[in-house]
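Descriptive structure summary
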Amino acid sequence: MTRTETTPNGLNPSLILEELITKHGLISVLRALIHAQSRQRTRKRAAARMTDHMRRDLGLPTQTAPPRRGR
C-alpha cells in the first residue's frame, strides 16, 4: 500500500491542529482524535480474529503453518 501525504511540504502539523481547534473547538478535535485511535485498534483486533483463509484472501500472513501433504 502506498502512503500519500495529506499535508503539502512546508506546513507545520501543529499549525494545522491549531486551525482545526480554532474552527471546530478543542472538544470536537479531541473527540475526533480519540475516535480515530479507537477505530485503528478495533481494526487490528479484527484482523487478529480472522481465519487463515480470510487472511490469505486479504494478503495478510497466516497465523498457522499450512498443512503438509503426505506422500
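Everything below is about the structure printed above this text.
Residues numbered from 1 in each chain as written. Predicted model: local features only at pLDDT ≥ 70, side-chain atom pairs only at ≥ 80, totals over all residues. Heavy atoms only, no water.

**Considerations on helix α1 (residues 13–24)**
Keep this limit in mind: For helices the rule is a DSSP run of H or I covering at least 4 residues; for strands it is a run of E covering at least 2, with both sets numbered from the N terminus onward. Expected helix span is computed as 1.5 Å times (number of residues minus one).
Taking 1.5 Å of rise per residue, 12 residues should cover 16 Å, and α1 covers 16 Å from first to last C-alpha, within 8% of that figure. Gly-25, located one to two residues past α1, shows a positive phi value of around 100°.

**Topic: the side chain of Arg-55**
To keep things clear, this is the line we draw: Note on exposure labels: buried denotes an accessible area under 20% of the residue type's maximum, exposed denotes more than 50%, and partly exposed covers the range between, all computed with a 1.4 Å probe on protein chains only. In this count, Lys and Arg are taken as positive residues and Asp and Glu as negative ones, while His and the chain termini are left out. Note on definitions: salt bridges are taken to be side-chain nitrogens of Lys or Arg within 4 Å of carboxyl oxygens of Asp or Glu. Polar contacts, as used here, are pairs of N or O atoms within 3.5 Å; protein pairs need one atom able to donate a hydrogen and one able to accept it. Residues neighboring in sequence count only if both atoms are side-chain atoms. Two residues qualify as a contact provided that any one of their heavy atoms is within 4.5 Å of a heavy atom in the partner residue.
On the secondary structure map, Arg-55 appears in helix α3 (residues 52–58). Asp-52 provides the closest opposite charge to the buried, salt-bridge-free Arg-55, at an N-O distance of 4.7 Å. Looking at Arg-55, its side chain comes within polar contact range of the main-chain oxygen of Pro-61, at 2.8 Å. Every residue in contact with Arg-55, bar those within four places of it in the chain, is listed here: Ala-47, Ala-48, Met-50, Leu-60, Pro-61, Thr-62 and Gln-63.

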